[in-house]
Amino acid sequence: MSKNYTNPETIGLHAGWRKDENTNSVAVPIHQTTSYQFDDCDHAANLFALSELGNIYSRIMNPTVAVLEDRIAALEGGVGALAVASGQAASTVAIQNLATNGDNIVASAHLYGGTFNLFKNVFSDMGIEVRFVDPSDPENFLKATDENTRAYYGEVLPNPSFEVFPIAEVAALGKPLGIPLIVDNTAAPVICKPFDHGAAISMHSTTKYIGGHGTSIGGIIVDSGNFDWEAHPERQPALNNPDPSYGGAVWTEAVKPLGPIAYILKARTTILRDMGAAMSPFNAFMFIQGLETLALRIREHSRNADEIAKFLMSHPKVERVSHPSVASDLAKERADKYLSGGCGGLMGFEIKGGIEAGKQFINSLEMFYHVANIGDSRSLAIHPASTTHSQLNEEELLSAGVTPGYVRLSIGLEHLDDIKDDLSQALDKVSV
Ligand code: PLP
């Protein structure tokens, strides 16, 4: 269908799609259909038996969504992807595909708040324990591991520290034990390629940079195809034992003729089929539009953010700036090792004067949007201590890394001068 391109700019425009075979349409059509006519009973039986891959029902697969999946799999360098209804659904499915009641995973404590909540409360209600560890020392993952640990989990570029996760170090600790590293690469698409560093699975909230225009909620999981599930049958029972939810299929064996896609095919044909958090074809279409310019946008977001980080570092009302471009010591080493072509558009800074100064600053912004989102083309800001984290006491705020004067910025694609002007006039209005 299309060549195997390796450059993200070209992948975003060409991977997985050339034209519609019936109409020659260049843009990917929105296949707004629930179901697909089977050729005959044998065809239907083959599809259900997975002896032939094809469309059955749009909760499980859809041709528009499939283009997005192929394109993002190519972008990450994986063998397959599964698009779902949101980033939250992506992290849920990614874990549920391996872990069940009585199992555990070890996760970085530096996570998006929604993921933290999901892991700490919803998963524990389901009997999956999540052991949170400080990711700055990779050995912490090993220390928290036992025979029921099914996966390691981390965020490539976590907020609020913006210290890059030690991907290769943690992946290398897990590999001999049969424990895959799953990473959330939402904040660093294109600029980080987790599979090059040993991660087994990556996921994104496509809501953010991939969509890029603040219009649609979605998520995706990508399988690198390079994790040897079969070598560790006791560690990974979900993929190596007969699965009663699919006629007793042993996934690592059943998919052999189709390639190293046991993990991602199981996720689609059991968890997505049964839990039903499917991505709508319309949202997939929106994300395909976003992908066309993703590589360009993330570079420009990064360039603007680098300049804003320098600008804020030298501002008298700013105490501290968090962005990989101004990191030092180990954080800098890891940023240099894992990011290429930019440090991303997300950053945080500590304003002098605590909560009141933070609120004053946000209230004074004119161009920045004050929203609970990231990765939009527009510049966005939020003051976590008075919004997303306002229910936490001082101690909890500190352990989450959210200090009273901490402000999070998602630097957009406006002209740098206009971004600086808005930050500058808002800082001027803060009485320290
Ligand atoms: N992962 C990260 C890093 C996020 O920032 C978010 C949302 O902010 C999510 C996952 C969840 O994504 P969604 O809002 O699409 O469910």
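Residues numbered from 1 in each chain as written. Predicted model: local features only at pLDDT ≥ 70, side-chain atom pairs only at ≥ 80, totals over all residues. Heavy atoms only, no water.

**As for the domain arrangement of the protein**
By a widely used convention, the size of an interface equals the accessible area lost when the partners come together. Its domain assignment divides the protein into domain 1 (8-282) and domain 2 (296-428). If you look at the interface, domain 1 gives 31 residues, while domain 2 gives 36 residues. Of the roughly 2,500 Å² buried at the junction of domain 1 and domain 2 (both faces included), carbon and sulfur atoms supply 58%. Among the residues of domain 1 in contact with domain 2, F162, I191 and Y209 are the three that bury the most area, contributing 31% of the side total. With its nearest N and O atoms 2.8 Å apart, the salt bridge here joins R299 to E9. Remark: the boundary between domain 1 and domain 2 carries 13 residue pairs in polar contact (both at pLDDT 80 or more). (Domains from an automatic or database assignment. Contact = heavy atoms within 4.5 Å. Buried area = accessible area lost by both parts, 1.4 Å probe. Salt bridge = Lys/Arg side-chain N within 4 Å of Asp/Glu carboxyl O. Polar contact = N/O pair within 3.5 Å; in protein donor to acceptor, adjacent residues only side chain to side chain.)

**With respect to the site of the ligand**
Near the ligand you find S86, G87, Q88, Y112, E155, D184, T186, S205, T207, K208, G218 and I374, and these make up its full shell. A distance of 2.9 Å separates an oxygen atom of the ligand from a polar atom in the backbone of Q88. S205 has a polar side-chain atom sitting 2.8 Å from an oxygen atom of the ligand. Compared with its free state, where it exposes 390 Å², the ligand has 88% of that area covered by protein. Residue composition of the shell around the ligand, by class: 2 nonpolar, 7 polar and 3 charged. (Near = heavy atom within 4 Å. Areas by Shrake-Rupley, 256 points an atom, 1.4 Å probe, with all protein chains shown as cover. Nonpolar A, V, L, I, M, F, W, Y, C, P; charged D, E, K, R; others polar.)

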